[in-house]
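Examining the three-dimensional arrangement
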Amino acid sequence: MGFFSEEQWLQWVDELSDNDYVIIDDFLSETLLERVLTYFREKKTDDDFTKASIGTEGKIVSEIRGDYTYWLDSKVDQEMNDFFELVSETIGVLNRYCYLSLTDFEFHLAYYPPGSFYHRHLDQFQGRSNRMISFIIYLNEGWVEGDGGELKIFKEEGDFLVKPLLNRAILFKSADVPHEVLTTQKGRKSLTGWLLYQPAGLGYLLG
């Protein structure tokens, strides 16, 4: 028994294929959402999170991005096992219907302090293209207009903003969708990762 019906998955896969992205509200079940939120709350920003870097050289450039990350490890973060199972189901669906040959994933908890942002970029390292699908689930309780931190998607037909509402997920093609995180006025939280066509490696260390 999967997390979602085949009919539901097919609808989302069609949107992802046609538009290069799909936005899904109320993605996690109430139980799983609360488990993820609790796990995030248990992590201490100063102790468990590290300043995010850019590129394969791992440079910290605050003028480009200002978030902090805690990378998840399925062997360590066993409280997240149900989420990892959901990701595996997602990979299975995309492999079956989109022929992507995905084999692995990498995820982190992401925290943007007030005043931070991430300028326009693609979710790919230069010379390395194993990130196929970007996958974000927002964890912002009580987000309202003015809190900032929206995801700006750049498309030829027109740019648009994705509000980082609690339990809203967005999946998009990593190599094809330029995007940025607008300046947040309040702490911004998400569960962010990538579906890969080869085992996780440098991204886990440097992304």
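Going by the structure above, here's the rest.
We now turn to the structure provided with this report.

What counts and what doesn't
- Residues numbered from 1 in each chain as written.
- Predicted model: local features only at pLDDT ≥ 70, side-chain atom pairs only at ≥ 80, totals over all residues.
- Heavy atoms only, no water.
- Phe/Tyr/Trp six-rings, centres within 6.5 Å; stacked < 30°, edge-to-face > 60°.
- Buried < 20%, exposed > 50% of the residue type's maximum accessible area, 1.4 Å probe, protein only.
- Lys NZ or Arg CZ within 6 Å of the ring centre and 35° of its normal.
- Salt bridge = Lys/Arg side-chain N within 4 Å of Asp/Glu carboxyl O.
- Helix = DSSP H or I, 4+ residues; strand = E, 2+ residues; numbered from the N terminus.
- Expected span 1.5 Å × (residues − 1).
- Arc of directions from axis to C-beta.
- Contact = heavy atoms within 4.5 Å.

Let us look at the packing of aromatic side chains. Scanning the entire structure with this criterion turns up 15 aromatic pairs. Note on Phe-83 and Phe-84: the rings are 6.2 Å apart at their centroids and 55° apart in plane angle, and the pair reads as tilted. For the pair shown, Phe-83 and Phe-84 are each scored as buried. Here a set of aromatic residues connected by ring pairs shows up, and it is made of Phe-4, Trp-9, Trp-12, Phe-27, Phe-83, Phe-84, Phe-105, Phe-107 and Phe-135. The cationic tip of Lys-51 hangs over the ring face of Tyr-68; the distance from NZ or CZ to the ring centre is 5.7 Å.

Further remarks concern the pattern of salt bridges. Inspection of the entire model under this criterion finds ten salt bridges. Two residues, Asp-25 and Arg-168, come together in a salt bridge whose shortest N-O distance is 2.6 Å. Within this pair, whereas Asp-25 is found in the loop between strand S1 (21-24) and helix H2 (30-42), its partner Arg-168 is found in the loop between strand S8 (160-162) and strand S9 (169-173), the two being separated by 143 residues in sequence. Of the charged contacts in the structure, one is a salt bridge between Asp-147 and Lys-186, with a shortest N-O distance of 3.6 Å. One end of the pair, Asp-147, is in the loop between strand S6 (131-138) and strand S7 (151-153); the other, Lys-186, is in the loop between strand S10 (179-181) and strand S11 (188-196), and 39 residues separate them in sequence. Taking the relative accessible area as the measure of exposure, Lys-186 reaches 46% and is therefore partly exposed. Within the structure, one salt-bridge network assembled from shared partners comprises Asp-20, Lys-155 and Lys-173.

Take H2 next. An α-helical turn contains 3.6 residues, so a residue and the one three or four places further along point in the same direction. A rise of 1.5 Å per residue sets the reference length of H2, with its 13 residues, at 18 Å; its end C-alpha atoms lie 18 Å apart and thus fit the reference within 8%. For H2, the complete set of buried residues consists of Leu-32, Leu-33, Val-36, Leu-37, Tyr-39 and Phe-40. In a view along the axis of H2, the buried residues occupy a sector of 160°, so they form one face of it. Exposed residues lying more than 90 degrees from the buried face of H2 are Glu-30 and Thr-31. Buried residues in H2 make contact with strand S3 (68-71), helix H4 (81-98), strand S4 (104-112) and S11.

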